[in-house]
Amino acid sequence: MLDELRANVARRLGLPEDEVFNGQPLSAVLVASPSAINSIDLLDAFAGALADLGVDDDVELPTMTLDHTAQDVVTALAGQLTPTSS
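In this text the structure is predicted, and so the values were computed from the model without any measurement.

For the rest of this paragraph, the subject is the pattern of salt bridges. On inspection of all chains with the given rule, the structure shows 3 salt bridges. The partner of Arg6 in a salt bridge is Asp3, and the shortest N-O contact between them spans 2.7 Å. With Arg6 and Asp3 both in helix H1 (residues 2-13) and 3 residues apart, this pair spans about one turn of that helix. By relative accessible area, Asp3 is classed as exposed at 55%.

Our next topic: the confidence of the model for the chain. Of the residues in the chain, 95% reach a pLDDT of 70 or more, and the chain-wide mean stands at 92. When pLDDT is averaged over each helix and strand of the chain, the minimum, 93, is found for helix H5 (residues 70-81) and the maximum, 97, for helix H3 (residues 26-32).

Take helix H4 (residues 39-53) next. Here H4 is 15 residues long and its end C-alpha atoms lie 22 Å apart, about the 21 Å a rise of 1.5 Å per residue gives. Tucked into the core, H4 has its buried residues touching H1, H3 and H5. Its side-chain oxygen at 3.0 Å from the backbone nitrogen of Ile40, Asn38 defines the N-terminal cap of H4. Positive backbone phi, at 75°, marks Gly54, one or two positions downstream of H4.

Counting 22 residues, the largest nonpolar core has Leu5, Val9, Leu13, Val20, Phe46 and Leu77 as its most contacted members. Mapped by element, the contributors of at least two residues to this core are H1, H3, H4 and H5. The element best represented in this core is H4, accounting for 5 residues. Residues within four places of Val9 in sequence aside, it is in contact with Phe21, Ala45, Phe46 and Ala49.

Thresholds applied
- Residues numbered from 1 in each chain as written.
- Predicted model: local features only at pLDDT ≥ 70, side-chain atom pairs only at ≥ 80, totals over all residues.
- Heavy atoms only, no water.
- Salt bridge = Lys/Arg side-chain N within 4 Å of Asp/Glu carboxyl O.
- Helix = DSSP H or I, 4+ residues; strand = E, 2+ residues; numbered from the N terminus.
- Buried < 20%, exposed > 50% of the residue type's maximum accessible area, 1.4 Å probe, protein only.
- pLDDT = per-residue confidence, 0-100.
- Expected span 1.5 Å × (residues − 1).
- Contact = heavy atoms within 4.5 Å.
- Polar contact = N/O pair within 3.5 Å; in protein donor to acceptor, adjacent residues only side chain to side chain.
- Core = buried A, V, L, I, M, F, W, Y, C linked by side-chain atoms within 4.5 Å.

Here you go:
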């Protein structure tokens, strides 16, 4: 599911997946994206990807700065999707 999420986010940002998830900060992704104008557009790309996967009701988008990476966001989302064991 996380591979689909990454592919969908990249598609929504109009960039190759390896450019979005290569470890650069979200600010660099924002500058490179032909479709994202501001941080709200980044948020929308992740929210839309989650909705496309049908898990948007199961997770909350994490609060992160533009210094974080796209992979940081995916990792935070994955932590919410992974069932915890007690």
